[in-house]
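Descriptive structure summary
These are the residues of each chain, in order.
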Amino acid sequence: MQDVKRLSPEKQELVNEIIKLMEKENLTLKKMWRNLSAPNNPITEKEYKGSNNIRLLLSSVKQGFEDPRWMTYTQAKQNKLQVKKGEKATSVYYYQLTDKKTGKNFNPETIKSMQEEEKNDYLKKNVYFLTKKYNVFNGEQIDGIEKYKKNTQIDLSKRNEILEKILNDSEAKIHYDQTDKAFYNLKKDEIQDRKSVV
């Protein structure tokens with residue numbers, strides 16, 4: 001029997017949440033994301049990428065948020081904004097290759113001049129993934145932030161390309177071949193989604 005590639009606990013939780021929402025709301029992935037803008041941080045002016053993008057889109061769908069802006073409690077406070085009392089954060093994750101010797105981001109230049117065996121030995125002994133968890137709040141959970149103005153001129157073809165890229169870059173295999181329900185096939189490590197109905 002072929003070994004099934006396992007997802008990290010954070011990514012497995014994300015896949016389970018997507019499937020649960022799809023089944024509960026009778027949604028396809030395309031329907032879930034159709035009216036949402038890319039999640040971003042207005043303080044850093046950067047868009048969230050990879051699984052964090054999907055995680056925040058999912059949270060937006062579940063909580064009915066239309067505002068794509070997300071920030072930490074500290075970022076809100078530093079900008080004289082206040083997270084509303086009782087609001088729950090959504091977790092995002094930052095992954096960084098770290099060098100034990102320097103305690104900083106791993107710099108590939110460190111091993112550039114090494115022989116192959118020496119490189120492998122250095123990587124094995126000194127380089128590791130550092131995972132940091134951050135809790136962020138949506139703009140609709142924050143008092144004092146300027147009301148979000150939805151961009152009415154969305155290029156749907158570009159947004160769909162971006163979403164397809166996110167899905168293709170994720171670890172999930174997705175097949176649109178079901179007629180009645182969406183589910184996760186543990187044995188095959190695949191998401192089975194409903195066929196699109198035009």
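Look a little higher up for the structure.
In this text the structure is predicted, and so the values were computed from the model without any measurement.

Procedures and definitions
- Residues numbered from 1 in each chain as written.
- Predicted model: local features only at pLDDT ≥ 70, side-chain atom pairs only at ≥ 80, totals over all residues.
- Heavy atoms only, no water.
- Core = buried A, V, L, I, M, F, W, Y, C linked by side-chain atoms within 4.5 Å.
- Buried < 20%, exposed > 50% of the residue type's maximum accessible area, 1.4 Å probe, protein only.
- Helix = DSSP H or I, 4+ residues; strand = E, 2+ residues; numbered from the N terminus.
- Pairing = 2+ DSSP bridges.
- Axes fitted to C-alpha atoms, helices over the stretch in contact; angles between N-to-C directions.
- Phe/Tyr/Trp six-rings, centres within 6.5 Å; stacked < 30°, edge-to-face > 60°.
- Contact = heavy atoms within 4.5 Å.

As a rule of thumb, nonpolar side chains are buried together in soluble globular proteins. With eight residues, the main nonpolar core is built from L14, I18, L21, M22, I54, L58, I166 and A182. Those elements that provide at least two residues to this core are α1 (9-25) and α3 (50-63). Top element by residues in this core is α1. It accounts for four residues. A76, L81, V83 and I145 belong to the second largest nonpolar core, which has seven residues in total.

This part takes up the sheet that holds strand β10 (residues 183-185). With respect to topology, three strands assemble into an open sheet ordered β9-β11-β10, the strand pairing being mixed. With one partner strand each, in any of the chains shown, β9 (173-178) and β10 form the two edges of the open sheet. Taking the axes of each pair of neighbouring strands and ignoring which way they run, one obtains an average angle of 35° across the sheet. The pairing of β10 with strand β11 (residues 190-194) spans three bridges and is antiparallel. Note that in β11 the partner of Y184 across the bridge is I191.

Tallied over the full model, the rule gives one aromatic pair. Measuring from ring centre to ring centre gives 5.9 Å for F65 and W70, while their planes differ by 70°; the resulting arrangement is edge-to-face. For the residue pair F65 and W70, the accessibility class agrees, reading buried in each case.

Attention now goes to the sheet that holds strand β3 (residues 70-72). Taken in spatial order, the four strands make up an open sheet running β3-β7-β5-β6, and their pairing is antiparallel. Every other strand in the sheet has two partners, leaving β3 and β6 (104-105) as the edge strands with one partner each. The sheet contacts of α3 involve β3, β5 (90-99) and β7 (127-138), and relative to β5 the element is tilted by about 175°. The strands touched by helix α5 (residues 116-126) within the sheet are β5 and β7, with β7 carrying the most contacts at an inclination of about 45°.

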